[in-house]
Amino acid sequence: MATDTKTTAPSIVHQTHKTLPDFDPPKKNKRNKFSLACATLASMTSVLLGYDIGVMSGAAIFIKDDFKLSDTKIEILVGILNLYSLIGSAAAGRTSDWIGRRYTMVVAAVIFFAGALLMGFATNYSFLMFGRFVAGVGVGYALMIAPVYTAEVSPASSRGFLTSFPEVFINAGILLGYVSNYGFSKVSDPVTMGWRYMLGIGAVPSVFLAVIVLIMPESPRWLVLQGRLGEAKKVLDKTSDSKEEALIRLADIKQAAGIPEECNDDIVSVAKKSTHGEGVWKELLIHPTAAVRHILIAGVGIHFFQQASGIDAVVLYSPRIFEKAGITSANQKLLATVAVGFVKTIFILVATFLLDRIGRRPLLLTSVLGMIISLGTLGLTLTVINQTDKKLMWAVVLCISMVLTYVASFSIGMGPITWVYSSEIFPLKLRAQGTSMGVAVNRVTSGVISMSFLSLSKAITTGGAFFLFAAIAIVAWFFFYTALPETQGKTLEEMEMLFGHFRWKSAAAPAATEKDNGSGGVQLAVAATNGQTS
């Protein structure tokens, strides 16, 4: 025994001796390339909405002249797509539970393709409205399914980064729409033909999207709900950061789906009520638990405030806003809108890299604070411009600067986090329908804002409208501070533990110690982000 002690003692000393490499910071895990590819392809469906929003801001100028429309009809034409998309988003929840997340994206692309062609060939206002209806249904499908699929294939370490992709592609679509406006405004007859090219060209990306979606794997969570464990395990192996994480994710999903942990067959039988969403509305609305009620309030609330704070009014009517600021040339107005789209796209890209480093709450609260300041300043500047007869160059520059600051503030937090947060907080069985409810509120609010902005501006002035949006943003800041806990680094199956009360600091603490060492690094990171100390 003595000899054993002598021989082991030096080895212990040797093991505790540290060299310089021991003090190097730990190496970061590389992003999972397969989940990155899946998230990118899925999120491309969001281009459809972005393109429509961007292109209508310029096309409406020429449509108004071509069909001799009033401001009221233009308001309805521009904003009605948001209400039409409710049909798509409501149907997408059930459709995605029935045929899967992947084929639901194909449905979205096909419907939008038909809508884009109908709008491009419209001969009158009624025909154009019908095209808007068809395109709106396709947009509703795309809006709901892209963030759900992306959240379900993403590992916890990069879920914020990946689930912000739909908002990235919405912004890319807006920029493409603005560029399309500027380009097709140069055709020989922009009033009668330019806007047709602007709207009809939207059919092209939908064909591309319908094809590439077919090469993607199905969501592992949907596969588990169908009892196809073997296929789900293969997808999880590819989309997880390690084999151990894949096993943990599979076990969590099986537990949420009501499948015994010891059941490891490739195909298993799953209760019918768990496969296609039956009974979900009862759990979500009629008899929700305290946690589910809190989740629903958070998911719906963040969607409401995203739109109620005026982003679609700025994006859709930016040429009108710049006209109020003193820019009268159509060419200059369209160029200014391209700048808006460029700034939105740049800052949304910045946000994607910050979501999993800084966390949802800090980015969201900072973003809304920037929106409040820029909206208030914009309202004040437009009021000054409205009350003077001469052109004030400083006010014009400040107005344009505040529009750009507003869209930058929105894009770095409120824009992407809305989709990230609402797609990750709902429990597995409630996710599709819960997310579709958030999208429905998002589209209704957007529709109301976009269909009333011109009338609101006439009633209380354009500056007054932005003061109203600033007041709504202030309410939003307090709601987010009170009701939204940090979700950074949590697996989707852990989310429910964060909710159930509105004291966000204490909400994070139990969840941070819930899991064992299998994902302990993630939980410690979350605790640190939320300011928890042991």
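Residues numbered from 1 in each chain as written. Predicted model: local features only at pLDDT ≥ 70, side-chain atom pairs only at ≥ 80, totals over all residues. Heavy atoms only, no water.

K.L.:
So what exactly am I meant to see when it comes to the packing of aromatic side chains here?
P.N.:
The description of two aromatic rings rests on the distance between their centres and on the angle between their planes. This model, assessed by the stated rule, comprises 16 aromatic pairs. Residues F453 and F469 carry aromatic rings whose centres are separated by 6.3 Å and whose planes lie at 15° to one another, so their mutual orientation is stacked. Its relative accessible area of 2% is what places F453 among the buried residues. Here the aromatic cluster, defined as three or more aromatic residues joined through ring pairs, consists of F304, F305, F479 and F480. (Phe/Tyr/Trp six-rings, centres within 6.5 Å; stacked < 30°, edge-to-face > 60°. Buried < 20%, exposed > 50% of the residue type's maximum accessible area, 1.4 Å probe, protein only.)

K.L.:
So what exactly am I meant to see when it comes to empty space enclosed by the protein here?
P.N.:
With a probe scaled to a water molecule rolled over the atoms, the places where space remains empty come into view. All told, the structure shown has four cavities of 30 Å³ or more when counted by the stated rule. There is about 130 Å³ of room inside the largest cavity. In terms of lining residues, the largest cavity is bounded by 14 residues, among which I53, E167, I170, Q307 and D312 are the most central. When contributions to the lining of the largest cavity are tallied by element, the ones reaching two or more residues are α3 (47–67), α8 (165–184), α15 (290–308), α16 (311–316) and α20 (393–424). Partitioning the lining of the largest cavity into residue classes produces eight nonpolar, two polar and four charged. (1 Å grid on protein atoms, 1.4 Å probe; cavity = no way out; pocket = protein on both sides within 12 Å on 5 of 7 lines; lining within 4 Å. Points joined across faces, edges and corners; volume = space filled by probe spheres on them. Helix = DSSP H or I, 4+ residues; strand = E, 2+ residues; numbered from the N terminus. Nonpolar A, V, L, I, M, F, W, Y, C, P; charged D, E, K, R; others polar.)

K.L.:
Explain the side chain of T95 here, please?
P.N.:
Here T95 lies in helix α4 (residues 71–99). What makes T95 buried here is its relative accessible area of 18%. Filtering out sequence-adjacent residues up to four positions away, T95 remains in contact with G100, T104 and Y141. (Contact = heavy atoms within 4.5 Å.)

K.L.:
Can you help me understand unusual backbone geometry in this one?
P.N.:
Excluding glycine, most residues fall at negative phi; most peptide bonds, likewise, are trans. Notably, K68 is not glycine yet its phi reads approximately 55°, a positive angle. Phi angles above zero are rare outside glycine, and T461 is one such case at about 75°. The topology assignment puts T461 in helix α21 (residues 431–483).

K.L.:
Would you explain helix α13 (residues 243–257) in this entry?
P.N.:
In an α-helix, one full turn covers 3.6 residues, which means residues spaced three or four apart are oriented alike. For α13, which comprises 15 residues, the first-to-last C-alpha distance of 21 Å matches the rise-based estimate of 21 Å (1.5 Å per residue) to within 8%. Those residues of α13 lying buried are E245, A246, R249, L250, D252, I253, K254 and A257. Turning to α13, the residues buried within the fold contact α6 (125–153), α11 (220–225) and α12 (229–239). Of the residues trailing α13, G258 is marked for its positive phi of about 80°. (Expected span 1.5 Å × (residues − 1).)

K.L.:
How should I be thinking about the environment of S96 in this particular structure?
P.N.:
By the secondary structure assignment, S96 is in helix α4. Expressed as a C-alpha distance, the spacing of S96 and Q433, which sit 337 residues apart in the sequence, is 9.6 Å. Each residue touching S96, except ones within four places of it in the same chain, is listed here: R101, T104, M144, I145, W222 and A432.

K.L.:
I would appreciate a short explanation of α3 in the present structure.
P.N.:
Look at α3: 28 Å from first C-alpha to last across 21 residues, which is about the 30 Å you get at 1.5 Å a residue. Of all the bends in α3, the greatest measures close to 40° and is centred on A59. Counting buried residues in α3 gives 18 out of 21 residues, a clear majority hidden from the surface. The first or second residue beyond α3 is K68, which carries a positive phi of 55°. (Bend = angle between axes of the 7 residues up to and from the residue.)

K.L.:
Mind showing me how you'd approach the pattern of salt bridges here?
P.N.:
Two side chains that carry opposite charge are able to pair once their charged atoms sit near each other. A full pass over the atoms with the stated rule returns 10 salt bridges. Between D71 and K458 there is a salt bridge whose closest N-O contact spans 3.3 Å. With D71 in helix α4 and K458 in helix α21, this pair connects stretches of sequence that are 387 residues apart. Look at D71 and you get buried, because its relative accessible area is 17%. Salt bridges here are not isolated pairs; linked through shared partners, they connect K64, D71, R320 and K458. (Salt bridge = Lys/Arg side-chain N within 4 Å of Asp/Glu carboxyl O.)

K.L.:
Looking at this structure, I do not really get the packing of helix α19 (residues 360–386) against α21. What am I missing?
P.N.:
Between two packed helices, both the angle of their axes relative to each other and the distance between the axes serve to describe the pair. Where α19 contacts α21, the two axes come as close as 8 Å, and the packing angle between them is 165°. Taken together, the axes of α19 and α21 lie roughly antiparallel to each other. Along this stretch, α19 crosses α21, giving a crossing that reads as left-handed. (Axes fitted to C-alpha atoms, helices over the stretch in contact; angles between N-to-C directions. Parallel < 35°, antiparallel > 145°, perpendicular 65-115°, else oblique. Left-handed = near helix turned anticlockwise from the far one by under 90°.)

K.L.:
Would you explain the confidence of the model for the chain in this entry?
P.N.:
When pLDDT is low, close inspection of the predicted coordinates is not appropriate. Per-residue confidence for the chain averages 81 on the pLDDT scale, and 86% of its residues sit at or above 70. Every residue in residues 1–16 is under pLDDT 50, and counting partners more than four places away or in other chains gives zero contacts. Here residues 504–534 scores under 50 on pLDDT; set against residues more than four positions off or in separate chains, the count is 40 contacts. (pLDDT = per-residue confidence, 0-100.)

K.L.:
Please clarify how the side chain of R101 should be interpreted in this entry.
P.N.:
Of note, R101 is situated in helix α5 (residues 101–120). At a separation of 2.9 Å, a polar atom in the side chain of R101 contacts the side chain of D97. With residues up to four places along the chain from it excluded, the contact list for R101 reads S96, I145, V148, Y149, E152, E218, S219, W222 and A432. (Polar contact = N/O pair within 3.5 Å; in protein donor to acceptor, adjacent residues only side chain to side chain.)

K.L.:
Explanation requested: the packing of helix α2 (residues 33–43) against α8 in the structure shown.
P.N.:
At their nearest, the axes of α2 and α8 sit 8 Å apart, and the two run at 45° to each other. Classified by the interaxial angle, the pair formed by α2 and α8 is oblique. The handedness of the crossing between α2 and α8 comes out as right-handed. Packed against α2, whose contacting residues are L36, A39, T40 and S43, the element α8 presents F165, P166 and F169 at the interface. Residue classes in the contact of α2 with α8 are distributed as five nonpolar, two polar and no charged.

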